[in-house]
Amino acid sequence: MVFHAVIPARFLSLTAHLVLNIMLFWSREPNVLSCIPVTAGTDSQEYSTKDTQLLVALSLTLAFIVAELTGFLTGLSMFTALPSIFSIAAHVSASIVIALFTVREWSCDSYWYIFGFCRSGAIA
């Protein structure tokens, strides 16, 4: 396996996923508003519940990305071929889908599907 191409690609995909997740963390209000009925405002209990749900999902994602980035930067998982390829595929697909999730203001309930699909690819 040619690691001189895999290592930078993995680092860039991890960093892109981290940056997009932090961006979504700070601008999650439109996605939360798309989860609740139009009549409910930002002061409603339903808004608070959905905001907390998305906040938990984003926090878990950040924790997993930081853990994987730590393992990568310390060299524990840097030179493993197959897991690196799975990690690149999972984080690139997650970055694309999170960008669409943010721009198109998808419902916050769909983030759990993104989380489950992209986490299972990175864990493999």
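Residues numbered from 1 in each chain as written. Predicted model: local features only at pLDDT ≥ 70, side-chain atom pairs only at ≥ 80, totals over all residues. Heavy atoms only, no water.

A short note on the nonpolar core
Then, in step 1: Counting residues in each nonpolar core, the largest one holds 26 residues, and the members touching the most others are Leu24, Leu54, Leu58, Ile98, Phe101, Tyr111 and Ile114.
Then, in step 2: Those elements giving two or more residues to this core turn out to be helix H1 (3-26), helix H3 (45-73), helix H4 (81-103) and helix H5 (111-123).
Then, in step 3: For this core, the element with the most residues is H3, which contributes eight residues.
Then, in step 4: Residues within four places of Phe101 in sequence aside, it is in contact with Leu24, Asn31, Leu54, Trp106, Ser107, Cys108, Ser110, Tyr111 and Ile114. (Core = buried A, V, L, I, M, F, W, Y, C linked by side-chain atoms within 4.5 Å. Buried < 20%, exposed > 50% of the residue type's maximum accessible area, 1.4 Å probe, protein only. Helix = DSSP H or I, 4+ residues; strand = E, 2+ residues; numbered from the N terminus. Contact = heavy atoms within 4.5 Å.)

A look at the packing of aromatic side chains
Then, in step 1: Enumeration over the complete set of coordinates arrives at five aromatic pairs.
Then, in step 2: Where Phe25 meets Trp26, the ring centres are 5.4 Å apart and the plane angle is 90 degrees; that geometry is what we call edge-to-face.
Then, in step 3: By relative accessible area, Phe25 is classed as buried at 18%.
Then, in step 4: Measuring from ring centre to ring centre gives 6.3 Å for Phe101 and Trp106, while their planes differ by 85 degrees; the resulting arrangement is edge-to-face.
Then, in step 5: Taken together, the ring pairs connect Phe64, Trp112 and Phe115 into an aromatic cluster.
Then, in step 6: Over the face of the ring belonging to Phe25 we find Arg28, whose NZ or CZ atom lies 5.6 Å from the ring centre. (Phe/Tyr/Trp six-rings, centres within 6.5 Å; stacked < 30°, edge-to-face > 60°. Lys NZ or Arg CZ within 6 Å of the ring centre and 35° of its normal.)

Brief notes about the pattern of salt bridges
Then, in step 1: The tally for this structure, following the rule as stated, stands at three salt bridges.
Then, in step 2: The salt bridge partner of Glu68 is Arg10, with a shortest N-O separation of 3.4 Å. On the criterion of sequence distance, the pair formed by Glu68 in helix H3 and Arg10 in helix H1 is long-range, its members being 58 residues apart. The residues Glu68 and Arg10 share a single accessibility class, namely buried.
Then, in step 3: For Asp109, the salt bridge identified is with Lys50, shortest N-O distance 3.0 Å. One end of the pair, Asp109, is in the loop between H4 and H5; the other, Lys50, is in helix H3, and 59 residues separate them in sequence.
Then, in step 4: Asp109 sits in the partly exposed class, given a relative accessible area of 31%. (Salt bridge = Lys/Arg side-chain N within 4 Å of Asp/Glu carboxyl O.)

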